[in-house]
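Working through the structure, step by step
Here are the chains, one letter per residue:
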Amino acid sequence: MDSSSICPFCHSSVPSSQLQWHANNHFEHDDLQRATDFELAQQLALSPNSPPRKQAASGLHSDKTHGGSNNWYNGIVAGRHNGAWKVDEKISCLVDLQRKSEFYKIEAGLIALLKNCLESEAENSRTILSGYVDHFQSLEFEDVGWGCGWRNLQMLSSHLLVQRPQAREVLFGGSGFVPDISSLQRWLEIAWGRDFDPPGADQFNHAVYGSRKWIGTTECAALLRSFGLRARVVDFGPKEYESLYLSVPGSSVGALQPLRTNNWRKRKAIISGPMDRYLSRTVSQSSCSQKENSCSSPNDTDSNANISKGHQALMDFVWNYFSNNSSIQFGHRRVIVCEKTPLYFQHDGHSRTIVGIQVKHQRTGTLQYNLLILDPAHKTASLEKSLREKVGWQRLVKRGIHTLRKPQYQLFLFQLCYVDPGIASEEEMEKLKTIDSVFIEI
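All values reported here derive from a predicted model rather than from experimental measurement.

Rules used in this analysis
Residues numbered from 1 in each chain as written. Predicted model: local features only at pLDDT ≥ 70, side-chain atom pairs only at ≥ 80, totals over all residues. Heavy atoms only, no water. Phe/Tyr/Trp six-rings, centres within 6.5 Å; stacked < 30°, edge-to-face > 60°. Buried < 20%, exposed > 50% of the residue type's maximum accessible area, 1.4 Å probe, protein only. Lys NZ or Arg CZ within 6 Å of the ring centre and 35° of its normal. Pairing = 2+ DSSP bridges. Helix = DSSP H or I, 4+ residues; strand = E, 2+ residues; numbered from the N terminus. Contact = heavy atoms within 4.5 Å. Core = buried A, V, L, I, M, F, W, Y, C linked by side-chain atoms within 4.5 Å. pLDDT = per-residue confidence, 0-100.

A separate point is the packing of aromatic side chains. The full count for this structure, using the stated rule, is 11 aromatic pairs. Ring centres of Tyr321 and Phe322 lie 5.0 Å apart, and the angle between their planes is 75 degrees; on these two criteria the pair is classed as edge-to-face. Judged on exposure class, the residue Tyr321 and its partner Phe322 are both buried. Each residue in the set Phe172, Trp187 and Phe227 is aromatic and connected to the rest through ring pairs, giving one cluster. The residue whose ring lies beneath Arg186 is Tyr209, and the NZ or CZ to ring-centre distance is 3.9 Å. Cation over ring: Lys433 sits above Phe196, and NZ or CZ is 5.7 Å from the ring centre.

What follows concerns the pairing of strand β10 (residues 414-423). Along any regular strand, the residues point their side chains to alternate faces of the sheet. With 8 bridges joining them, strand β4 (residues 229-237) and β10 adopt antiparallel strand pairing. Each residue of the ladder has a partner; that of Val233, found in β10, is Cys417. Pairing geometry for strand β6 (residues 343-347) and β10, over 3 bridges, is antiparallel. Of the residues in β10, the one forming a bridge with Gln346 is Gln415.

Attention shifts here to unusual backbone geometry. One non-glycine residue, Phe141, lies in the positive phi region at around 70 degrees. Note on placement: Phe141 falls in the loop between β3 (125-129) and α6 (148-163). Phe141 gets classed as exposed once you look at its relative accessible area, which sits at 79%. You will see that His206, though not glycine, has its phi angle at about 65 degrees, which is positive. Of the residues examined, His206 reaches a relative accessible area of 41% and is grouped as partly exposed.

Among the structural elements, Glu384 can be located in helix α13 (residues 380-389). If we skip the residues at most four places from it in the chain, Glu384 touches Tyr104, Ile106, Glu107 and Leu113.

A general tendency of soluble globular proteins is for nonpolar side chains to be buried together. If you look at the biggest cluster of nonpolar residues, it comprises 62 residues, and the most contacted ones within it are Trp150, Leu171, Trp187, Leu224 and Leu229. With 7 residues, helix α8 (residues 181-193) is the largest single contributor of residues to this core. Membership of the second largest hydrophobic core comes to 26 residues, among which are Ile128, Phe322, Leu343 and Ile401.

Here the focus is the confidence of the model for the chain. Scored by pLDDT, the chain comes out at a mean of 75, with 64% of its residues at no less than 70. Counting contacts from residues 27-36, a segment whose pLDDT is below 50, to residues more than four positions away or on other chains yields 20 contacts. The model gives residues 247-301 a pLDDT under 50, and that stretch makes 107 contacts with residues more than four places away or in other chains.

Structure representation (structure tokens):
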């Protein structure tokens, strides 16, 4: 039975297992409060009811912490008195204190249920799915309205932990589980402290823990790269906005300017929090009503043609990604599970996880593509019910080009993040600290 503890801030009695979470809710993200929170975390870690401390995994590419808990605690305190925390001490502390994210687990696996539904369809189609993925939904009173980026990171991590043994050894200190959002925020801060994505860290003022700041693909890539994972970013957009992207020499369109320029910061100042470039509407939509389903313009035909071309470029990339540029052979099978990671899919104002793609051969001879997407805004229990009963699941999972013509997609600014196989060497780790991307013009 869980014992009770007294919160040192509000003096409420709470279950001991929930004390850290409860205490964290008292904090904002200014420096003084953050330091106090970390001191509380140390005290909790050293309390008699705390689990034994695990050694930080070597895959973190950081110095290992030696000695017993007293030496570890004294080292932390010494670092505090010197005005700075050592990175390896932060890692060691976080490995102990991180919490496993609670989520609704689907028995038999979500991808297995989705595969059954796709195979039951009578249409002439071919589908490629990513392997195992857990669905992490945004929770009311916890992260609704701002946590979609963190939830997609959790979904991507769930795949890596199950499908890639090398990733499991290094991710989150070798814990073997997907941490909660607060713990992920700490891991991102540690990544910044190790000089991964310095411009991104500057935009967040190097602080995200305890806040409701939105994140995007670049933050996801920085966090995963800090563990030695080869997280890659792909940008889609019109040529006139190429200077806003992360691409560097070697991309498909050559050298581009860095994303985070002074002008960009001025644009971002008008929104509530950083989330890549997607909340800054650089394309005028003054003629669009929020109550309308589409935008009109004098050159509506040309506009629709450009939008269709842009969305098709996205579909083509996703198909080539999952099919490994068509090296997969279907044979008599209609649904194949591949080894590719899911895609973190960022668009204007929201992000979701792409777990596969379906192509249908139309009677006209054309191909119709459907992205297969997990949305953090959906309830996992409802998703499971629809998949098991094979009723209404298409509405929750499938997204065709026609659904991407809604106003939130009409900027046709998209960004994807995925993870290549293997673990980076020390030399490669230095290169991974700079978040770059491949730019695809649409």
